[in-house]
Amino acid sequence: MLRLLTDAPRWLLLLNLIYAPWAFGCTRPWTINVLNALLGAAVALWIVDYAVRRARPRVQPVCAGCVVLLALQGWWMCGNAHWLYDPEYFRIVPVEAWWKAGPGAIDQAVSFSMMVRVSALLGVICLVNDLSRHAQWRRRLWWTITGAGTSVVLFGLVQRGVGAPLVPFEVVRAGHLYFATYFYHGNAGAFINLVLPLVVGLAAVVSRKDGRVHIVLVPCAVICAAGAFTNASRAAALVTLLLLAALAVWQCRVWRRELRAMPRKAAAIYLALALVVLPVLLAAVLPVARWARLPGQMNAENPRWISTQVLLRMLPDAGAWGLGPGTFAVAFPSYTKELGTSIRGIWRFAHEDYLQTLIEWGWAGAGIWAVLFFGGLMRCFYFCRRMRSGGRALLFASGLSLVGVALHALVDFPLQIASLQLYTAVYLGLGWGSAAWVEEDGRRAGRGKDPGSVRRDA
């Protein structure tokens, strides 16, 4: 019974990794609510399991401290909110605050809704931090992400091949920017870049262990790479190129002995083929027409450039504590009234995640988020160098995925989409928990067991 209670939140987490990208990428309110409920249930079961066993969850102290501080700030901003947005009359009305002179959100309802999601995601980071101590569950996470990611990308490729709408079972107004289950091609590209390093890493580890090309994993890697360039997002395609280059360098370092043993004539032939084939493939798959329009879009009238100037004007008002989690869309119109038609439509996100975080969470909250995100990222690369098992590839791939989403966040909003937030939270949990992997790896090596077995350590 106790084992069932222990494993239940872990299996529920794997289910969420499959559900999140397939449920429209969790970009619709009802899909986000379902995800919040499932993640909340997983985290609650995890806490109950430790309470029943009268044990303390094994979470890295700095990570736990960041999680607690962010939860306290976010929920304080909700509880001490000064305003509430009335969507019927398009106005903000005052509400009773605990401390009128203290910091509080400008929209109580929006911040409350966002904090439900943020709390669940922070709990996921802690859950994965603890779960990652077990090699078997790391392997299950790896395979689940590979399967879920490949299936979504394959669906997108089939769509583009047959010219199908976003989803055949629902009538939606998706325009021409959809890919797979995502309405916006930028979100789809960010999702592909989150899963591509793990798919390629798993294919490389298993193929190297078995000494032959894996019949399933190598096609999965090819599908994800093809989806990255078939998708029309320029920023995502550029990030994909950087990730693939980093993966190629990593593979050369892993296989350096095999490469040194290769005859010079064979190595020269492979190098010549790569130099000829790679440019041809890039020209064939990259959206050349979209790149050709880029110079004409780089001007002072570009809405992205105008919005960035508005965001910088919002920062002083955000102050140390911000305007409240999730309140950007409520506050932004107040700063764009004098711009007229320069910025049209409803801006739900800032298209620059770092500035949006500063506006919503302030300097204090954004600083804690930076420690949590970049701390987990750096630990991925730091501890992967100290490992000798297949888990090294998982750590390197997780760190590379975080680098990809961090770069994409400079020009878009991947860290505002629930499904992408979930995958990012999982990788952060792996990074923060990676110190325990090194200890486990050392113990196995000391017992004389083969540390390279992907079946035990990947």
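About the cut-offs
Residues numbered from 1 in each chain as written. Predicted model: local features only at pLDDT ≥ 70, side-chain atom pairs only at ≥ 80, totals over all residues. Heavy atoms only, no water. Helix = DSSP H or I, 4+ residues; strand = E, 2+ residues; numbered from the N terminus. Contact = heavy atoms within 4.5 Å. Areas by Shrake-Rupley, 256 points an atom, 1.4 Å probe, with all protein chains shown as cover. pLDDT = per-residue confidence, 0-100. Salt bridge = Lys/Arg side-chain N within 4 Å of Asp/Glu carboxyl O. Axes fitted to C-alpha atoms, helices over the stretch in contact; angles between N-to-C directions. Parallel < 35°, antiparallel > 145°, perpendicular 65-115°, else oblique. Left-handed = near helix turned anticlockwise from the far one by under 90°. Nonpolar A, V, L, I, M, F, W, Y, C, P; charged D, E, K, R; others polar. Expected span 1.5 Å × (residues − 1). Bend = angle between axes of the 7 residues up to and from the residue. Buried < 20%, exposed > 50% of the residue type's maximum accessible area, 1.4 Å probe, protein only.

## Things to note about the overall build of the protein
The number of helices and strands found in the protein is 19 helices and two strands. Contacts spanning at least 24 positions in sequence make up 74% of the contacts within the protein whose residues lie at least 6 apart. Of the accessible surface of the protein, which amounts to about 21900 Å², a share of 67% is contributed by carbon and sulfur atoms.

## Concerning the confidence of the model for the protein
For the protein, per-residue confidence averages 83 on the pLDDT scale, and 78% of positions sit at 70 or higher. In the predicted structure, residues 449–458 sits below a pLDDT of 50 and forms 35 contacts with residues beyond four places in sequence or in another chain.

## So, the pattern of salt bridges
Per the stated rule, a full pass over the model turns up three salt bridges. R58 serves as the salt-bridge partner of D130, at 3.3 Å between the closest nitrogen and oxygen. Remark: R58 occurs in the loop between α2 (29–52) and α3 (61–79) and D130 occurs in helix α4 (residues 108–131); sequence separation between them is 72 residues.

## Considering the packing of helix α5 (residues 135–162) against helix α7 (residues 217–230)
Helix packing geometry: the angle between the two helix axes and the distance between the axes. Running from amino to carboxyl end, α5 crosses α7 at an angle of 50°, the nearest separation of the two axes being 9 Å. Considering the angle they form, α5 stands oblique to α7. Every pair of crossing elements has a handedness; the one defined by α5 and α7 is left-handed. Listed contacts from α7 to W143, T146, T150, V153, L154, L157 and R160 of α5 are L217, C220, I223, C224, A226, G227 and T230. Looking at the contact of α5 with α7 residue by residue, the class counts come to nine nonpolar, four polar and one charged.

## Describing the packing of helix α15 (residues 353–384) against helix α17 (residues 418–432)
Running from N to C, α15 and α17 cross one another at 60°; their axes reach a closest spacing of 8 Å. Taken together, the axes of α15 and α17 lie oblique to each other. As α15 packs across α17, the resulting crossing turns out to be left-handed. On α17, the residues touching V371, L372, F373, G375, G376, L377, R379 and C380 of α15 are T424, Y427, L428, G431 and W432. Its residues placed into classes, the contact of α15 with α17 shows eight nonpolar, four polar and one charged.

## Quick word on α15
With 32 residues, α15 extends just 28 Å between its outermost C-alpha atoms, more than 12% less than the 46 Å of an ideal straight helix rising 1.5 Å per residue. In α15, a bend of some 120° at G362 exceeds every other bend along the element.

## Regarding unusual backbone geometry
A positive phi angle is found at C26, which is not glycine, with a value near 55°. For C26, the location among the structural elements is in the loop between α1 (2–22) and α2. On the basis of relative accessible area, C26 is assigned to the buried category, the value being 1%. Despite not being glycine, H351 shows a phi value in the positive range, around 60°. Within the secondary structure, H351 is located in the loop between α14 (328–331) and α15. The buried category is assigned to H351, whose relative accessible area is 19%.

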